[in-house]
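Observations on the model geometry
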Number of protein chains: 2
Amino acid sequence: MNNYSYDEISIGHKEKFEIKITEQMMESFLSITSDTNPLHADEVYAKTEGYGNRVVYGMLTASFMSTLAGVYLPGERSLIKEVKIKFAKPVFPGDTLTVEGEVTDKNDTFNMIVLKVVMRNDKNEKVLRGSMDIMIREETQQGA
Amino acid sequence: MNNYSYDEISIGHKEKFEIKITEQMMESFLSITSDTNPLHADEVYAKTEGYGNRVVYGMLTASFMSTLAGVYLPGERSLIKEVKIKFAKPVFPGDTLTVEGEVTDKNDTFNMIVLKVVMRNDKNEKVLRGSMDIMIREETQQGA
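Note that this is a predicted model, so its numbers are computed, not measured.

Each copy of the sequence occupies a distinct position, and chain A is placed on chain B by a rotation of 180° and an axial shift of 0.0 Å, giving an RMSD of 0.0 Å. Here the transformation between the copies is reduced to the relation of a two-fold axis. Among all C-alpha atoms of chain A, that of K84 of chain A lies closest to the rotation axis, at 2.3 Å. Take the interface residues of chain A: 97% of them recur as interface residues in chain B, which is what a same-surface contact looks like.

This paragraph deals with the interface of chain A and chain B. Contacts between the two partners involve 38 residues from chain A, matched on the other side by 37 residues from chain B. Contributions of two or more residues to the side of chain A that touches chain B are made by α1 (23-33), α4 (58-62), α5 (64-72) and β2 (78-87) of chain A. Residue composition of the side of chain A that touches chain B, by class: 16 nonpolar, 15 polar and 7 charged. Bridge analysis of β2 of chain A against strand β2 (residues 78-87) of chain B gives 5 bridges, and the strand direction is antiparallel. Paired with K86 of chain A across the two strands is E82 of chain B, which belongs to β2 of chain B.

A separate point is the packing of α1 of chain A against helix α1 (residues 23-33) of chain B. For the pair α1 of chain A and α1 of chain B, interaxial distance at closest approach is 9 Å and the crossing angle is 155°. What the angle tells us is that α1 of chain A and α1 of chain B run roughly antiparallel. Considering the relative orientation of α1 of chain A and α1 of chain B, their crossing is left-handed. Here M25, S28, F29, S31 and I32 of chain A of α1 of chain A come into contact with α1 of chain B, specifically with M25, S28, F29, S31 and I32 of chain B. Its residues placed into classes, the contact of α1 of chain A with α1 of chain B shows 6 nonpolar, 4 polar and no charged.

Rules used throughout
- Residues numbered from 1 in each chain as written.
- Chains lettered and ligands numbered in written order.
- Predicted model: local features only at pLDDT ≥ 70, side-chain atom pairs only at ≥ 80, totals over all residues.
- Least-squares fit on C-alpha atoms with pLDDT ≥ 70 in both.
- Contact = placed C-beta atoms within 7 Å.
- Helix = DSSP H or I, 4+ residues; strand = E, 2+ residues; numbered from the N terminus.
- Nonpolar A, V, L, I, M, F, W, Y, C, P; charged D, E, K, R; others polar.
- Pairing = 2+ DSSP bridges.
- Axes fitted to C-alpha atoms, helices over the stretch in contact; angles between N-to-C directions.
- Parallel < 35°, antiparallel > 145°, perpendicular 65-115°, else oblique.
- Left-handed = near helix turned anticlockwise from the far one by under 90°.

In short, shape yes, function no, at least from these values alone.
And the structure:
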């Protein structure tokens, strides 16, 4: 896990990772949310609606923004304040997503960074665009 | 599950539900995202950082916006296009949240509604404010 302090982060700093969307993730997200919408939960229904498979919950795809902030950029001291998300294309179980964040602004008063987020599928199509305002907590003075 | 058509929805329409945040949800969200950030995953760490317990992942709290749209308003024909989220206060495992959505705008050209979202905890404190732009899919002509 990364642990960047506010001062260690510059505008233009990028981090990325890949994640494959599994059927198990779909079941887990359903168990959390009870979102039984058939577009996500029923393959036959999704196909009658013109999709090749059931569609991944948009908010499941968005949940990897949590990982991006909390593990990669800034990592440990992350505190997400605001999130904006645009869903550009449907995601399907089995897709591997590349999740990338880039620091586009810093606010010294609040120790806040703005992270632009792009997620792409296997075909290099943008499936999600977004941004996060993330406060970077100061290190706790342990052992003091 | 509700199944409102675009025409059946008016500005001012509200729907709400309650959901209790469980430890199991925290484990499931961790298993989906691999977000091992200790503020969410490590109770001792969270306490040294000044919280009474580990903090619920913001994006886990936000995931109930999926349920709000996909099950309640508009329900079956929901297609979320954009999401905006502001985290106002920390949520803890065991908290029961009230998730409420209200239609604040309609766009006839795109069959799109704007849903204002507020989530409150047991103490009636706002923990999340947000909005969603949701397209309402037309009914498939089945049996035609």
